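# Commentary on secondary and tertiary structure
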Amino acid sequence: MTRTVRFHEVGGPEVMRLEDVEPGEPGPGEVRIRVDAIGVNRAEALFRSGRYIEPVKRFPAGLGSEAAGVIEAVGPGVTGFEEGQAVSVVPNFSYNDYGMYAERAIAPASSLVPRPDGVDAVSGAAVWMPYLTAYGAMVEVGGMRAGDVAVVNAASSSVGLAAIHTANRLGATPIAVTRTDAKRQRLIEEGAAEVIVSDEEDVAGRILALTGGRGAEYVFDAVAGPGVTELARAVAADGTLFLWGAQSGQPTPYPGFDLGMPALNLRTYTVHEITRDPRRMCRAAAFVASGLRTGAFRAVVDRLFPLEEIVQAHRHMESNTQFGKIVVTT
Ligand SMILES: NC(=O)c1ccc[n+]([C@@H]2O[C@H](COP(=O)([O-])OP(=O)(O)OC[C@H]3O[C@@H](n4cnc5c(N)ncnc54)[C@H](OP(=O)(O)O)[C@@H]3O)[C@@H](O)[C@H]2O)c1
């Protein structure tokens, strides 16, 4: 038996319970992992509360798609991985099928990446999803080049910080947007060229001023909702506004007509476009691993919680006071 986080109804953080569950043996294409650390992801709070892009199909339900640990058992047909190997798990599966919030868990082998030497379990759980998400939108889909301007909203989120690091690595200029002044200095220290405080400043006006009136080639927005119209005003001609999250929880307008039908690309995006495509995933993994080797990429860990405090970890996530990744250790 292994301690596993499950929930029997949708709701707030308190619906999660730590239960003894038999993890079972890995089936074809699967491995069983001893989980050492788990990256907590906003999508999990949405899934748990019934507001995710995919509904809960059955109860009790599990959670978790980012983890680091060691392979305990390898199922039939798995090649390239072996017992005792240190790995990270990246999100390429449904929470309805697998859950990493546990001391031991079954994972599809297709979700594994080897953990590079020198990357400990906490970092191994924290780095992959944010950098894969940023790389996919910026490089694979967006084709970002040196000299481009990239505006990153919800900049202090783990994905936002990875986007700032990735833009810098590509020679682009990251402009961070954050709600309050509280995280400004730390965003500068993480590489933001400029910080715009959305509660106090005219966001589009600042972006246009910083780009000489041209606008930004890319805007990456994890908030969505009514603020999209403001962000769209600051996109350069033929630039792209990526919607990669929906923190606002409010309906999102299509701003093109209100803005006079500019040459605006508006695109939703998830990291599954990368992690479920083996060729893109291979390139993405190489990009992230090389960034970790050179030190251009690193885990920005906000706070650690033990597995038995998973409810507090989710409450902390929903407080929106974090800076970077919340990690749970087993
Ligand atoms: N598309 C994908 O594949 C993908 C993958 C992973 C994550 N995501 C999305 O990326 C976003 C960040 O996820 P995460 O897990 O890295 O971090 P997170 O912990 O969910 O990010 C929290 C931060 O978002 C900002 N925020 C929260 N609520 C907001 C609101 N109502 N209005 C404006 N800003 C708000 C705050 O940043 P400030 O204090 O700096 O304003 C807060 O610190 C989430 O929306 C998540 O769903 C998408």
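Note that the structure is a prediction, hence the values are computed from the model and not measured.

### Some remarks on the UniProt feature "domain: Enoyl reductase (ER)" (unreviewed entry) in the protein
If you check UniProt for "domain: Enoyl reductase (ER)" (unreviewed entry), the listed places come out as residues 11-328 in our numbering. End C-alpha to end C-alpha, residues 11-328 measures 20 Å, and it is 29% helix and 25% strand.

### Brief notes about the pairing of strand E5 (residues 86-89)
The sheet contact formed by strand E4 (residues 67-74) and E5 spans four bridges and is antiparallel. Following the sheet pairing, Val70 is matched in E5 by Ala86. For E5 and strand E7 (residues 112-114), the ladder comprises three bridges, and the chain directions are antiparallel. Each residue of the ladder has a partner; that of Val89, found in E7, is Leu112.

### Concerning helix H4 (residues 158-170)
Taking 1.5 Å of rise per residue, 13 residues should cover 18 Å, and H4 covers 18 Å from first to last C-alpha, within 8% of that figure. Counting buried positions over the 13 residues of H4 gives ten, a clear majority of the element. Within the span of H4, buried status applies to Ser158, Val159, Gly160, Leu161, Ala162, Ala163, Ile164, His165, Thr166 and Ala167. Of the surrounding secondary structure, the elements contacted by the buried residues of H4 are helix H3 (128-141), strand E8 (149-152), strand E9 (173-178), helix H5 (184-189), helix H9 (278-294) and strand E15 (325-329). One or two residues past the end of H4 sits Gly171, with phi positive at roughly 85°.

### Quick notes on the packing of H3 against H4
It is the contact of H3 with H4, at a shortest axis distance of 8 Å, that shows an interaxial angle of 50°. As far as their axial angle goes, H4 and H3 are oblique. In terms of crossing hand, the pair formed by H3 and H4 is right-handed. Residues Met129, Pro130, Tyr131, Thr133, Ala134, Met138 and Val139 of H3 lie in contact with H4, whose contacting residues are Ser158, Val159, Ala162, Ala163, His165, Thr166, Ala167 and Leu170. Of the residues belonging to the contact of H3 with H4, the class tally is eleven nonpolar, four polar and no charged.

### Focus on the sheet that holds strand E12 (residues 235-243)
Strands sit in the order E10-E9-E8-E11-E12-E13 across an open sheet of six strands; the sheet is parallel. Sheet topology places strand E10 (194-197) and strand E13 (265-268) at the edges, where each strand pairs with a single neighbour. Between one strand axis and the next, the sheet turns by 20° as a mean value, whatever way the strands run. Bridge count between strand E11 (residues 216-221) and E12: five bridges; the pairing is parallel. In the strand pairing of E12, Val219 is matched with Leu241. Docked against the sheet, helix H6 (residues 203-210) engages E8, E9, E10 and E11, running at close to 160° with respect to E10.

Calculation rules
- Residues numbered from 1 in each chain as written.
- Predicted model: local features only at pLDDT ≥ 70, side-chain atom pairs only at ≥ 80, totals over all residues.
- Heavy atoms only, no water.
- UniProt positions renumbered as here; feature names shortened; annotations may be inferred.
- Helix = DSSP H or I, 4+ residues; strand = E, 2+ residues; numbered from the N terminus.
- Pairing = 2+ DSSP bridges.
- Expected span 1.5 Å × (residues − 1).
- Buried < 20%, exposed > 50% of the residue type's maximum accessible area, 1.4 Å probe, protein only.
- Contact = heavy atoms within 4.5 Å.
- Axes fitted to C-alpha atoms, helices over the stretch in contact; angles between N-to-C directions.
- Parallel < 35°, antiparallel > 145°, perpendicular 65-115°, else oblique.
- Left-handed = near helix turned anticlockwise from the far one by under 90°.
- Nonpolar A, V, L, I, M, F, W, Y, C, P; charged D, E, K, R; others polar.

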